[in-house]
Amino acid sequence: MPYFVRAVKARIKKPLEAHFHQDFGLGVANTIMALAEGVEVIHSTVLGLGERAGNAPMEETVMALKTLYGVDIGIDTTKLTKLARLVQERTGVAVPSNKPIVGEALYQIESGIIASWW
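What comes next is a walk through the structure. Only a predicted model underlies this, so the values are computations on that prediction, with no experimental measurement involved.

1. Observations regarding the overall build of the protein
At step 1: Regarding its fold elements, the protein presents five helices and two strands.
At step 2: Reported as C-alpha extents along the three principal axes, the dimensions of the protein are approximately 50 × 35 × 30 Å.
At step 3: Burial analysis of the protein (118 residues in total) assigns 29% to the buried set.
At step 4: Taken as a whole, the protein presents about 8000 Å² of accessible surface, with 59% of it coming from carbon and sulfur.

2. Describing the side chain of Gln-22
At step 1: Relative to the helices and strands, Gln-22 resides in the loop between strand E1 (17-19) and helix H2 (27-36).
At step 2: Here Gln-22 is in contact with Gly-27, Val-28, Ala-53, Gly-54, Asn-55, Ala-56 and Pro-57, once residues within four sequence places are set aside.

3. As for the side chain of Glu-60
At step 1: For Glu-60, the location among the structural elements is in helix H3 (residues 58-69).
At step 2: Taking relative accessible area as the criterion, Glu-60 reaches 15% and is therefore assigned buried.
At step 3: Within the structure, Glu-60 has its side chain in polar contact with the side chain of Lys-99 (distance 2.7 Å).
At step 4: Among all residues touching Glu-60, those that are not within four sequence positions of it are Val-28, Lys-99, Pro-100 and Ile-101.

4. Quick look at the environment of Asp-72
At step 1: Along the chain, Asp-72 falls in the loop between H3 and helix H4 (80-91).
At step 2: Relative accessible area serves as the criterion here: at 51%, Asp-72 is assigned to the exposed category.
At step 3: Spatially, the C-alpha atom of Asp-72 lies 7.7 Å from that of Val-62, the residues being ten residues apart in sequence.
At step 4: One polar contact links the side chain of Asp-72 to the main-chain amide nitrogen of Gly-74, over a distance of 2.8 Å.

5. Considerations on the pattern of salt bridges
At step 1: As enumerated under the stated definition, the model contains six salt bridges in all.
At step 2: Here Glu-60 ties to Lys-99 by a salt bridge, and the two come within 2.7 Å at their closest N and O atoms. Residue Glu-60 is found in helix H3, and its partner Lys-99 is found in the loop between H4 and helix H5 (111-117); the two are separated by 39 residues along the sequence.
At step 3: Between Lys-79 and Asp-76 there is a salt bridge, with the nearest N and O atoms lying 3.8 Å from each other.
At step 4: In this structure Asp-76 comes out as partly exposed when scored by relative accessible area, which is 37%.

6. Digging into a nonpolar patch on the surface
At step 1: Residues Leu-68, Tyr-69, Val-71, Ile-73 and Ile-75 make up a contiguous nonpolar surface patch of roughly 470 Å² in combined accessible area.
At step 2: Position of Val-71 among the secondary structure elements: in the loop between H3 and H4.

Each value, and the rule that gives it
- Residues numbered from 1 in each chain as written.
- Predicted model: local features only at pLDDT ≥ 70, side-chain atom pairs only at ≥ 80, totals over all residues.
- Heavy atoms only, no water.
- Helix = DSSP H or I, 4+ residues; strand = E, 2+ residues; numbered from the N terminus.
- Buried < 20%, exposed > 50% of the residue type's maximum accessible area, 1.4 Å probe, protein only.
- Areas by Shrake-Rupley, 256 points an atom, 1.4 Å probe, with all protein chains shown as cover.
- Contact = heavy atoms within 4.5 Å.
- Polar contact = N/O pair within 3.5 Å; in protein donor to acceptor, adjacent residues only side chain to side chain.
- Salt bridge = Lys/Arg side-chain N within 4 Å of Asp/Glu carboxyl O.
- Patch = residues over 30% accessible without salt bridge, like charges linked within 9 Å, V, L, I, M, F, W, Y side chains within 5 Å.

Take a look at the structure:
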């Protein structure tokens, strides 16, 4: 991604946008790398809904930027789960209970408990 963005920026003197899919599970990672290299606009969707394996999930991208890199893009993260549930209801798309950030079972157990089992 760094090479690609740098090469495009060298040829095109316009703001760049990034649009990635989750075909290999790298939509969020590619989005973050593109931003780090100067891409100014990203495309994402709630729950990653989109063709094939889906798009970069907005909630995962927002939370990764905020918690891993300290970049707050102004989205109220306290409403991500409510938004995800609304989109799930309206689209009929089943969301795995272990879906990052918004999965229903995600916060039911602490990792320390699991670790103590080992």
